[in-house]
Amino acid sequence: MADDLYDVVVVGAGVSGCAVARELSRLRARVCVVDREEDVCCGTSKANSAIVHAGFDAQTGTLMAKFNVEGNERMWKLAQDLDFKVRRCGSLVVCTSEEDLPGLEALLERGRANGVPDLRIVDREELVAMEPHISDLAVAALWAPTAGIVDAFGLNIALAENAAQNGVEFRFNALVNGIHRVEEDWELLLANGQSIRTRCVVNAAGVFADAIHNMVSEHKIRIIPRKGEYLLLDTTAGDHVQHTIFMLPSVMGKGILVSPTVHGNLLVGPTATDVDDPESTDTTSDGLREVAEKCALTVADVPLREVITSFAGLRAHQPDHEFIIGEIEDAPGFVDCAAIESPGLTSCPAIGVYVTDIVRNLLSLEEKDADKWIGTRTGIPSLEGAPVSYWAELAQQDPAYGNVICRCRHVTEAQILAAIHRPLGARSLDGVKRRVTAGMGRCQGGFCSPKVMEILERELGLGPEEVTKCGPGSELIVERGEAQ
Ligand SMILES: Cc1cc2nc3c(=O)[nH]c(=O)nc-3n(C[C@H](O)[C@H](O)[C@H](O)COP(=O)(O)OP(=O)(O)OC[C@H]3O[C@@H](n4cnc5c(N)ncnc54)[C@H](O)[C@@H]3O)c2cc1C
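Worth saying up front: this structure is predicted, and the values here are computed from it rather than measured.

Taken together, 40 residues lie around the ligand, and Ser16, Asp35, Ser45, Ile340 and Thr346 are the ones closest in. Separating a nitrogen atom of the ligand from a backbone N or O atom of Arg36 is a distance of 3.0 Å. Asn48 places a polar side-chain atom, nitrogen or oxygen, 3.2 Å from an oxygen atom of the ligand. Bound to the protein, the ligand loses 97% of the 1000 Å² it would expose on its own. Residue composition of the shell around the ligand, grouped by class: 20 nonpolar, 15 polar and 5 charged. If you count residues domain by domain, the shell around the ligand takes at least three from each of domain 1 (5–45 + 153–223 + 321–372) and domain 2 (91–145 + 224–315).

Written out as structure tokens, the structure reads:
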């Protein structure tokens, strides 16, 4: 057996791959996660609605329905163990015409069949009491108190950090562009010229999971990137609604939602448009106009002048609208975790456990001794809203807490240093942003980016031209000119 043989290589460091990696880290196994990007959470996991869905949407009996409900149940304990932000704010699916009430009833019945607890339909009077800004068109809503919102970056990073704490290796800037059998094992060829040999592969490559699957199987799959565009509003608009407000869903998805976020913003979107390019995450004027117009159907007076940015994410949609999870029949030892479209974020804690069971059985892996596995992790504390006396106390212990770098989100140098020097620490501006929110505020990094760049330069020993926004190819300073 080769010295460099892994038991499992997970392709993809989004929430699916990292949830699997964290569960695998409970086992006596050599595990590596590879990702084409420079950091975790650079694919769909970074650009979505960040809702912990209750579980009434997916067809009863599907993996989607099962993992949604199980994932929701697991999410709250996971958030405690791994210290990322969640809020159980509940969701309302708003019906805007009497004619559509049977659709709302059907959703209620499906939710109950899926095992979602405490669902009920609220009438207009109750709805207005819950949401004073609900639209005049609203006649009733499906109330799901178990739904919530999550810090999607925080979830992804926490899973990855905890997996790393437990011995999982990570390789970034590692694009897998070929896979073939070598005896009983798999060899993954990387675009950087390296190769990795492993007994088992888990394919969690998001919108590229079809490309990875199709490298090893005669039974081809097809992922259709389905774009969703959003508007993000400032924290001044964050309490315009208290719950996640959905429209009645259609075949293209759950419609335009209006939701608070765990960071105090208001999120409006997404659209649903099938695109050819799995890297097409640009926003369009048509898409954003649709978001701005349709949100008024469910919520009145959304303060759109408070928009601070727009973004788009890509759902890994497949024609059967079902997760593809399991060992590939004609590729023993190769496990798909593919077509993980919404509710993939919610489902990831359950998917991690399920995929790990498959791998454990395939390779006959044993659990580590209980004292060899660390089940908790502490995040970087946020200082937003903390009393000044607390800041002062921290700054006395460590002056870096007295140096505010991001004024919009109140992020200090101490937190940025923590983001850089943790396991799998930030290497870029976006890496810092995802970990401590510096640059996520009203000015979108206009003030703090140069300061964060200086800190990255100093702490990582980089030249100014080497600091990037999000990895190779996104350098921010091209060349230094002479002062005139
Ligand atoms: C608009 C939108 C809204 C959504 N809203 C919600 C929601 O509110 N709630 C919810 O539960 N879910 C939601 N989802 C779904 C959720 O975001 C996804 O299911 C989830 O993020 C998928 O995670 P993943 O790890 O499977 O994929 P990704 O996060 O895309 O990770 C895949 C990783 O694989 C890497 N990769 C790809 N190809 C290669 C290769 N060849 N070599 C190496 N690495 C590779 C990529 O770089 C990427 O990091 C939404 C999705 C979208 C697009």
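In this section: the side chain of Lys227. With respect to the helices and strands, the residue Lys227 is situated in strand 13 (residues 224–233). There is a polar contact of 2.8 Å between the side chain of Lys227 and the backbone oxygen of Asp282. Non-local contacts of Lys227, meaning those with residues more than four positions away in its chain, are made with Thr271, Ala272, Thr273, Val275, Ser280, Asp282, Ala312, Gly313, Leu314 and Arg315.

Glancing now at the nonpolar core. Core analysis: the largest hydrophobic core is formed by 57 residues, its most contacted members being Leu155 and Val359. Counting residues per element, the ones that place at least two in this core are strand 1 (5–11), helix 1 (15–24), strand 2 (31–34), helix 2 (63–82), helix 5 (152–165), strand 12 (195–203), strand 20 (334–338) and helix 8 (344–363). Examining the composition of this core, we find that 9 residues originate from one element, helix 2, more than from any other. Ignoring any residue separated from it by four or fewer positions in sequence, one finds Leu155 in contact with Val15, Met75, Leu78, Phe84, Val150, Leu345 and Cys348. Ranked by size, the runner-up nonpolar core spans 24 residues in total, among them Ala138, Leu231, Val268 and Val291.

Turning to the pattern of salt bridges, a few remarks are in order. Scanning all chains against the criterion turns up 32 salt bridges. The salt bridge involving Asp136 is made with Arg124; its shortest N-O contact spans 4.0 Å. On the criterion of sequence distance, the pair formed by Asp136 in the loop between helix 4 (124–130) and strand 7 (140–144) and Arg124 in helix 4 is long-range, its members being 12 residues apart. With relative accessibility at 29%, the residue Arg124 sits in the partly exposed group. Taken together, the salt bridges that share partners define one network made up of Glu38, Asp39, Arg434 and Arg435.

Quite often, the size of an interface is put as the accessible area lost when its parts meet. Assigned domains within the protein: domain 1 (5–45 + 153–223 + 321–372), domain 2 (91–145 + 224–315) and domain 3 (388–466). A C-alpha centroid distance of 33 Å is found between domain 2 and domain 3. Where domain 2 abuts domain 3, roughly 540 Å² becomes buried across the two surfaces, and 43% of that area is made up of carbon and sulfur atoms. Sorting the residues of domain 2 by area buried against domain 3 places Asp234, His263 and Ile308 first, and these three jointly supply 69% of that buried surface. Across the contact surface, domain 2 and domain 3 share 2 salt bridges. Linking Asp234 and Arg442 is a salt bridge whose minimum nitrogen-to-oxygen distance equals 2.4 Å.

Reading the values: rules and limits
- Residues numbered from 1 in each chain as written.
- Predicted model: local features only at pLDDT ≥ 70, side-chain atom pairs only at ≥ 80, totals over all residues.
- Heavy atoms only, no water.
- Near = heavy atom within 4 Å.
- Polar contact = N/O pair within 3.5 Å; in protein donor to acceptor, adjacent residues only side chain to side chain.
- Areas by Shrake-Rupley, 256 points an atom, 1.4 Å probe, with all protein chains shown as cover.
- Nonpolar A, V, L, I, M, F, W, Y, C, P; charged D, E, K, R; others polar.
- Domains from an automatic or database assignment.
- Helix = DSSP H or I, 4+ residues; strand = E, 2+ residues; numbered from the N terminus.
- Contact = heavy atoms within 4.5 Å.
- Core = buried A, V, L, I, M, F, W, Y, C linked by side-chain atoms within 4.5 Å.
- Buried < 20%, exposed > 50% of the residue type's maximum accessible area, 1.4 Å probe, protein only.
- Salt bridge = Lys/Arg side-chain N within 4 Å of Asp/Glu carboxyl O.
- Buried area = accessible area lost by both parts, 1.4 Å probe.

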